[in-house]
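Each chain is listed here by its residues.
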Amino acid sequence: MADVLSQSQIDALLKSMQGGGGDGGGSSAPAQTEKKVAVQEEKKKTDTPEIKYSKYDFYSPRKFTKDKMKILTSVFENYARIITSQVNGVFRVMTDITVMEVQERRYYEFVNSLNENDVMTLVNANIENYNRKLVPLMMYVTPGLVITLIDRMLGGEETVVKVKDGYRYSDVETALYRRVLSQLIQALKDGFASYINVNFEAYRIEENPTMMQDVGLDETVAIIHLNVDVTGLAVERIRICMPGTLLEAMFQVMDSHRHLAKGYAYEDNRETILENIRQSKLPITGQLGTVSLDLDDIYHLKVGDVIDMNKPKDKDIKLYVGRQAWFSGKMGIYKKNIAIRISRRLYEEEHGEDSREELLEVGDGEEAVLDE
């Protein structure tokens, strides 16, 4: 008698035929199809990249908006370009310094990333027209970068010095460390120059940053990570921590300058501008004429030779203010000096009668005395 297939066996045979299975038994077909489905699911998991989201602490909301952080990012991108050129030029070390991230964090996140032997520099920030005392910002440079720059200062070869974590500077290296950091600190002013006028000065060196208590552990700060690629052989870091109170003061001054600039644009400051430039000194030149000579003729000129200016002696000569011809007049003598009596205003004839009367109050018949 012929064998009667059950419904499950029939379904297994149909699946094996649709999946291109071989001529094996009915029990191997569903196992092969399950393996194929599992392989496809694994491929999908590996092909789709995982999206990482930064955690947001709703118990401590952000104090600064995205626009403020964009301004800070722009400042330190400019700062990174400046110190790149300075390090490459002053220390003769080829580096490429870029901004990795600018984020608003808590102060304990910055301190926890440092070791006990790490050296941190405190930098005072003095904002123009701001009298309140501000909490200093903190700058940390990895020892590998500092020792490499010190080695080049002392005449070392074009090599990268690698040090272990927790490296402790000697007394000589500490003195040279101040020289290196002074270059990086002075460039901070140029980085902020597009937004605010602020001076930075090294306050003190903290050899155990975990013991510093000028900033509360839960206080809001901005942490800036700079990546330093040294000649393509080593990767070092520069970390800057700006306290929230310092940032608030800076953004407050920036906003006030912005409002003043908007108000200034709609005011009529014509009289003020004219009053400021009225006392400006401008060079006045009298041009007798122009003539072209060959280089050979100029070479053979000697005392007593006469150059024909192709111009009658009684004809008016032009007076130039800067490079612009403004007046014409007659040449003569005034108090034993060569002088020109102004007879016409050339600038008004070219640009109209209402051109610049308030800029130069020189009337007809007045003299402009030339320097001998």
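In this numbering scheme, every chain counts its residues from 1 along its sequence in written order. Residue-level local features of this predicted model are given only where pLDDT is at least 70; pairs of side-chain atoms are given and counted only at 80 or more, and the full residue set underlies all totals for whole chains, interfaces and linings. The basis for every side-chain value is the complete set of non-hydrogen atoms in the structure, without hydrogens or water.

On to the pairing of strand 2 (residues 120–127), then. Think of it in three bands: with a 1.4 Å probe and only protein chains considered, a residue is buried below 20% of the maximum accessible area for its type, exposed above 50%, and partly exposed in between. Working definition: helices are DSSP H or I runs of at least four residues, strands are E runs of at least two. Numbering for both runs from the N terminus. The buried count for strand 2 comes to 6 of 8 residues, which makes it a mostly enclosed element. Think of it this way: DSSP has to see at least two bridges between two strands before they count as a pair. Of the pairings in the sheet, the one linking strand 2 to strand 3 (residues 137–141) comprises 4 bridges and is antiparallel in character. For Val 123, the partnering residue across the bridge sits in strand 3 and is Leu 137. Pairing of strand 2 with strand 4 (residues 198–206), which is carried by 8 bridges, proceeds in the antiparallel orientation. If you follow Leu 122 over to strand 4, its bridge partner there is Arg 204.

This part takes up the side chain of Thr 121. Residue position: Thr 121 is located in strand 2. Here a polar contact is recorded for every N or O atom pair within 3.5 Å, except that within protein the pair must consist of a potential hydrogen donor and a potential acceptor, and residues adjacent in sequence are included only if both atoms are side-chain atoms. Reaching out from Thr 121, the side chain makes a polar contact with the side chain of Tyr 177 at a distance of 2.8 Å. Non-local contacts of Thr 121, meaning those with residues more than four positions away in its chain, are made with Leu 137, Met 138, Met 139, Tyr 177, Leu 181, Ile 185, Ala 202, Arg 204 and Ile 205. In what follows, residue pairs with any heavy atoms lying within 4.5 Å of each other are defined as contacts.

Further remarks concern the side chain of Thr 84. Within the secondary structure, Thr 84 sits in helix 3 (residues 66–90). A distance of 2.6 Å separates a polar atom in the side chain of Thr 84 from the backbone oxygen of Ala 80. Within the structure, the side chain of Thr 84 is placed 3.4 Å from the backbone nitrogen of Ile 97, a separation counted as a polar contact.

Turning to the packing of aromatic side chains, a few remarks are in order. A pair of Phe, Tyr and Trp rings is counted when the ring centres sit within 6.5 Å of each other, with Trp represented by its six-membered ring. The angle between the planes then sorts it: under 30 degrees is stacked, over 60 is edge-to-face, the rest tilted. Enumeration according to the criterion identifies 8 aromatic pairs in this entry. One aromatic cluster is present, built from ring pairs that chain together Phe 76, Tyr 79, Phe 192 and Phe 200.

Turning to the sheet that holds strand 5 (residues 220–230), a few remarks are in order. Strands pair in a sheet through their backbones, by hydrogen bonds, and they do so in one of two ways: parallel or antiparallel. Pairing is antiparallel across the open sheet formed by 6 strands, whose spatial order is 1-5-6-3-2-4. In the strand order of this sheet, the two ends are held by strand 1 (95–106) and strand 4, each with one partner. When the angles between neighbouring strand axes are averaged without regard to direction, this sheet yields 20°. For strand 3 and strand 6 (residues 234–243), the ladder comprises 4 bridges, and the chain directions are antiparallel. Bridging from a neighbouring strand, Met 138 pairs with Cys 241 of strand 6. Axis definition: a line fitted to C-alpha atoms, over the contacting stretch in the case of helices. Angles run 0 to 180 degrees between N-to-C directions. Across the sheet, helix 3 lies against strand 1, strand 3, strand 5 and strand 6, angled at about 150° from strand 1, the strand it touches most.

Let us now look at the pattern of salt bridges. Criterion for a salt bridge: a side-chain nitrogen of Lys or Arg within 4 Å of a carboxyl oxygen of Asp or Glu. Summed over the entire model, instances satisfying the criterion amount to 6 salt bridges. A salt bridge links Arg 204 to Glu 206, with the nearest nitrogen and oxygen atoms 3.1 Å apart. Arg 204 sits in the partly exposed class, given a relative accessible area of 29%. According to the relative accessible area criterion, Glu 206 is buried, its value standing at 16%. In this structure, the salt-bridge partner of Asp 316 is Lys 330, at a minimum N-O distance of 3.3 Å. A residue pair is termed long-range when its members are at least 10 positions apart, and Asp 316 in the loop between helix 9 (295–299) and strand 8 (317–321) and Lys 330 in strand 9 (residues 324–334) qualify at 14 residues. By relative accessible area, which is 25% here, Asp 316 ends up partly exposed. Residue classification places Lys 330 among the partly exposed residues on the basis of a relative accessible area of 42%.

Another point: the packing of helix 3 against helix 6 (residues 171–192). Close contact between helix 3 and helix 6 brings their axes to 8 Å; oriented N to C, the two are set at 135°. Relative to helix 6, the element helix 3 lies oblique. For the crossing formed where helix 3 meets helix 6, the hand is right-handed. Contact residues: Leu 72, Val 75, Phe 76, Asn 78, Tyr 79, Ile 82, Ile 83, Gln 86, Val 87 and Val 90 in helix 3; Gln 183, Leu 184, Ala 187, Leu 188, Asp 190, Gly 191 and Phe 192 in helix 6. Residues are grouped as follows: Ala, Val, Leu, Ile, Met, Phe, Trp, Tyr, Cys and Pro are nonpolar; Asp, Glu, Lys and Arg are charged; all remaining types, including Gly, are polar. For the contact of helix 3 with helix 6, the per-class residue count stands at 12 nonpolar, 4 polar and 1 charged. Here roughly perpendicular refers to angles of 65 to 115 degrees, roughly parallel to angles under 35, roughly antiparallel to angles over 145, and oblique to all remaining angles. By the definition used in this description, the sense in which the near helix is turned from the far one sets the handedness, with an anticlockwise turn below a right angle giving left-handed and a clockwise turn giving right-handed.

Don't take any of this as a statement about function, it's just geometry.
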